[in-house]
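Per-entry structural report
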Amino acid sequence: MNEPLVARMREFGTTIFSEMTALAVRTGSINLGQGFPDTDGPASMLEHAVTAIRGGLNQYPPGPGMPELRQAVAEHRKQHYGLLYEPDGEILVTVGATEALAASVLALCEAGDEVILFEPYYDSYAAAVALSGAVRRTVALRPAGDRFTFDPDELRAAVGPRTRAILVNSPHNPTGTVFTRDELALVAAVCQEHDLIAITDEVYEHLTFDGVEHVPMATLPGMRERTVMISSAGKTFSATGWKIGWVCGPPELVAAVQSVKQFLTFTSGAPWQVAVAHALREELGWVAGARDALAAKRDRLMAGLSAAGFGVYRPAGTYFVQTDIRPLGFTDGAELARRLPELAGVVAVPTQVFYDHPELGRQFLRFAFCKKDEIIDEAVMRLARLGRAE
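Just so we're clear, the structure is a prediction, and the values are computed from it rather than from any experiment. In this numbering scheme, every chain counts its residues from 1 along its sequence in written order. Local features are withheld for residues below a pLDDT of 70 in this predicted model, meaning they are given only at 70 or higher, and side-chain atom pairs are given and counted only at 80 or more; totals for whole chains, interfaces and linings count all residues. Excluded from the side-chain calculations are hydrogens and water; all other atoms, namely the structure's heavy atoms, are used.

1. Things to note about the packing of aromatic side chains
Two aromatic rings, taken as a pair, are described by how far apart their centres are and by the angle between their planes. Here is the rule: The aromatic pairing rule takes the rings of Phe, Tyr and Trp, using the six-membered ring of Trp, and pairs them if the centres are within 6.5 Å, calling planes under 30 degrees apart stacked, those over 60 edge-to-face and the rest tilted. Ring-over charges, as used throughout, are those where CZ of Arg or NZ of Lys falls within 6 Å of the ring centre and within 35 degrees of the ring normal.
All told, the structure shown has 14 aromatic pairs when counted by the stated rule. Every member of this aromatic cluster is reached through a ring pair, and the members are Phe118, Phe150 and Phe179. Above the face of the Phe320 ring, Arg366 is positioned so that its terminal group lies 3.5 Å from the ring centre. If you follow Lys371 out to its NZ or CZ, it ends over the ring of Phe36, 3.8 Å from the centre.

Given below as structure tokens:
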């Protein structure tokens, strides 16, 4: 029988997250690979979901999302960023940010169009572009001191006559970079000069550290009307399993995304939607506390990784620390990631799998710090073995 999978998806097998999580389970290793917290979100949010289920809110919600959640998202955008979105027509609830991103690319990009991604990129971006029949063009994020950034000339050179959109992820997974206002202004200038759409993944919007500011692309002059702004409850409220996300944008772009989304999942869990609406209004204090706790966990893991011999980059946001394995005598992150359970009883993710040009990321491993302190401490103690492994 011929290969059943369509050609455009054959480069995408099992995700690296599934592979490394399975490796952690199989070997009994500590999983610092996949980015999910090991504690729950705010108790009142959980109780709102339980109350909704027991109260009978268990059938299809409206296709655009529960009115309560769309209104809460609109209030949140206005309060935090001064962005005004109409709950009816400019906000769409999705099955997490992953569906929002896929539906946006499928809705807005034709076969043969080009989409610019900053590499390394979250793996679903490339799959969404492939599903649409579009072509991805990449711009590398390279280390510059403690963070990663891009070359403006490389960004401009990536734009061609078929370029349709730029996908911007900030705070950025997997590097932990938060794009500065000046960096975003460069992207905005390119979008406006070439009439491009910006699709922005902002799921870590509340998880920035050291006073670093998250700047939504849509707040920049001339960008609201050409930006599809995506976020979700999973990272903000430590509820990654709920898969509640949202799209904000001008009516014509959101309508296009909804046209696709309705044939992917139609809608998503009503109880979780009303619980997230409550959390957006009432639990941002909890989020601030969670952010401060994450910053301490970041510092805890960074100190341990440095002591173990890794080169460590200081993330300004997200759940992740990016490390350089070369000081330990290793040169291939994928090889080390698969040996790490044997060498140290810990699982991490090799960053090179998030590149179109893997040689740019071969020396990096990504570790997640969204774990309990005792888990981080045990992992660090085990990783100290690496200095004695070679």
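2. Description of the UniProt feature "domain: Aminotransferase class I/classII large" (unreviewed entry) in the protein
For clarity, the threshold we go by: UniProt positions are given in the numbering used here, feature names are shortened, and annotations may be inferred rather than shown by experiment. For helices the rule is a DSSP run of H or I covering at least 4 residues; for strands it is a run of E covering at least 2, with both sets numbered from the N terminus onward.
Summarizing the sequence annotation, UniProt attributes the feature "domain: Aminotransferase class I/classII large" (unreviewed entry) to residues 30-383 in the numbering used throughout. Counting secondary structure, residues 30-383 comes out at 42% helix and 18% strand; the distance between its end C-alpha atoms is 11 Å.

3. Focus on the layout of surface pockets
The condition that has to hold: Think of a 1 Å grid over just the protein atoms. A cavity is a set of points where a 1.4 Å probe fits yet cannot get out, a pocket is an open set with protein on both sides within 12 Å along at least five of seven lines, and lining residues have an atom within 4 Å of a point. Grid points are joined across faces, edges and corners, and a volume is the space filled by probe spheres set on the points. Each residue gets one label: Ala, Val, Leu, Ile, Met, Phe, Trp, Tyr, Cys and Pro are nonpolar, Asp, Glu, Lys and Arg are charged, and the others, such as Gly, are polar.
In this model, the largest pocket occupies a volume close to 930 Å³. If you go around the largest pocket, you meet 42 residues; those closest to its centre are Thr15, Phe17, Tyr122, Asp123 and Ser124. Every element with two or more residues in the lining of the largest pocket is listed here: helix 1 (16-27), helix 4 (96-108), helix 5 (123-132) and helix 8 (233-236). In terms of residues, the lining of the largest pocket owes the most to one element, helix 5, which gives five residues. In the lining of the largest pocket, the residues fall into 19 nonpolar, 13 polar and ten charged.

4. Remarks on the pattern of salt bridges
Basically, it comes down to this: Salt bridge criterion: a side-chain nitrogen from Lys or Arg within 4 Å of a carboxyl oxygen from Asp or Glu. Each residue's exposure class comes from its accessible area (1.4 Å probe, protein chains only) as a fraction of the maximum for that residue type: buried when under 20%, exposed when over 50%, partly exposed otherwise.
Per the counting criterion, the structure on display carries 26 salt bridges. Between Glu90 and Arg224 there is a salt bridge; the shortest N-O distance is 2.8 Å. Within this pair, whereas Glu90 is found in the loop between helix 3 (67-81) and strand 2 (91-94), its partner Arg224 is found in the loop between strand 8 (197-201) and strand 9 (227-232), the two being separated by 134 residues in sequence. Judged by its relative accessible area of 9%, Glu90 falls in the buried class. For Glu154, the salt bridge goes to Arg142, with nearest N and O atoms at 2.8 Å. Here Glu154 is found in helix 6 (residues 152-158), whereas its partner Arg142 is found in strand 5 (residues 142-144), with twelve residues between them in sequence. Judged by relative accessible area, Arg142 falls into the partly exposed class, the value being 36%. Bridged by salt links that share partners, the residues Asp210, Arg298, Asp299 and Arg314 form one connected network.

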